[in-house]
Amino acid sequence: MFDLYWAEDGSVPPGDRGLAYGDGLFETIAIMGGKASLLGYHLDRMVRDAGRLAIPVARPELEAACARALERYSGLYPSLNWVLKLTLTRGSGGRGYRPEPRMKPSLIVSHSAFPSVPGPEGVVADFSRVPLTVNPLLAGIKSLNRLEQVMAARELQGDIFEVLMSNRDGHVVEGTRTNLFVLSDNRWLTPPASTLAVAGVMRRYVLDRLRNSGHEFEEMPLTLDHLLGDRCQGVWLSNSVIGVVPVRNLAGHDLPVDQRLATIVGSPARLD
């Protein structure tokens, strides 16, 4: 069981470990037409990664909280499109880093308006000057420890939609809020999950769609040559809110733009 808090009530305890230490994780879920898109993927990840952090949570509890949130918030958005955020923390209690035994987790539920989504013409992106360090113990978890992404997001100026972050080996890993796909020699490439700060649910969905439709893909480290070399047939960014979007210009280099990945993935309104 967890303690449920509605963010607008302002009742989250100031001693919550999510606030104090980033001791928790979160999901950002697109609500489209009043339905939670990719909900199963989101809840799969939250339960799995909460287990990796030793935060006990049961999926039926999360499903019930989502149902309550849809009932509570959908009337605020006439279009029935909005964004639901679930933040799960270890809870409150204890002084210092060491958590107390048998702590009761907290689930903080909030909502926001649906953002503007880029069009089929694609977006402008650049490379971040902020290096990305991924602790293997935490790889892929959408934890509350996102300070590197916060620092990199300060570079989003003008028409730059996203900046891509690289690790200490010089491999391009992901954006501040997106995962990365490249088409090279008619083969889809994406960085391995073990190298990612966040292994997105849309990334998982895209890989499932590629696999089910018989497209060749590989998880492998990506270099600048993969993104800007002659063999690059396009670069795409993905997350669960924007879906997939092509990059038309990367660090001043024009890239091929088409809708082949969007066609493979399908309309965001139909994702489930």
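Thresholds applied
Residues numbered from 1 in each chain as written. Predicted model: local features only at pLDDT ≥ 70, side-chain atom pairs only at ≥ 80, totals over all residues. Heavy atoms only, no water. Helix = DSSP H or I, 4+ residues; strand = E, 2+ residues; numbered from the N terminus. Rg over C-alpha atoms; globule rule 2.2 N^0.38 Å. Buried < 20%, exposed > 50% of the residue type's maximum accessible area, 1.4 Å probe, protein only. Contact = heavy atoms within 4.5 Å. Lys, Arg positive; Asp, Glu negative; His and termini not counted. Salt bridge = Lys/Arg side-chain N within 4 Å of Asp/Glu carboxyl O. Polar contact = N/O pair within 3.5 Å; in protein donor to acceptor, adjacent residues only side chain to side chain. Phe/Tyr/Trp six-rings, centres within 6.5 Å; stacked < 30°, edge-to-face > 60°.

K.L.:
Explain the overall build of the protein chain here, please?
P.N.:
Scanning the protein chain for helices and strands turns up seven helices and 14 strands. Computed over its C-alpha atoms, the radius of gyration of the protein chain comes to 19 Å, within 12% of the 19 Å expected for a compact globule of 272 residues. For the protein chain, the C-alpha atoms occupy an extent of roughly 55 × 40 × 40 Å along the three principal directions. For the protein chain, with 272 residues in total, the buried portion stands at 48%. Relative to all contacts within the protein chain whose residues are 6 or more apart in sequence, the contacts with residues 24 or more apart total 71%.

K.L.:
Is there a simple way to explain the side chain of aspartate 16 in this structure?
P.N.:
Following the sequence through the fold, aspartate 16 ends up in the loop between strand E1 (3-6) and helix H1 (17-21). One buried charged residue, aspartate 16, remains without a salt bridge, the closest side chain of opposite sign being arginine 17 at 7.8 Å. Of the polar contacts made by the side chain of aspartate 16, one reaches the side chain of threonine 89; its length is 2.9 Å. Dropping the residues within four chain positions of it, aspartate 16 is found in contact with Thr89, Gly91, Ser92 and Ser106.

K.L.:
Help me understand the packing of aromatic side chains in this model?
P.N.:
Both the distance between ring centres and the angle between the ring planes are used here to describe each pair of aromatic rings. This structure, assessed with the given rule, holds six aromatic pairs. Seen in terms of ring centroids, tyrosine 21 and tyrosine 97 are 5.2 Å apart; in terms of plane orientation they differ by 65°. Their pairing is edge-to-face. On the criterion of sequence distance, the pair formed by tyrosine 21 in helix H1 and tyrosine 97 in the loop between strand E4 (82-89) and strand E5 (106-113) is long-range, its members being 76 residues apart. The class for tyrosine 21 is partly exposed, based on a relative accessible area of 31%. By relative accessible area, which is 69% here, tyrosine 97 ends up exposed. Relative to tryptophan 82, the ring of tyrosine 73 lies with its centre 5.8 Å away and its plane at 80°, an arrangement referred to as edge-to-face. The same class applies to tyrosine 73 and to tryptophan 82, which are both buried. One aromatic cluster is present, built from ring pairs that chain together Trp6, Tyr73, Tyr77 and Trp82.

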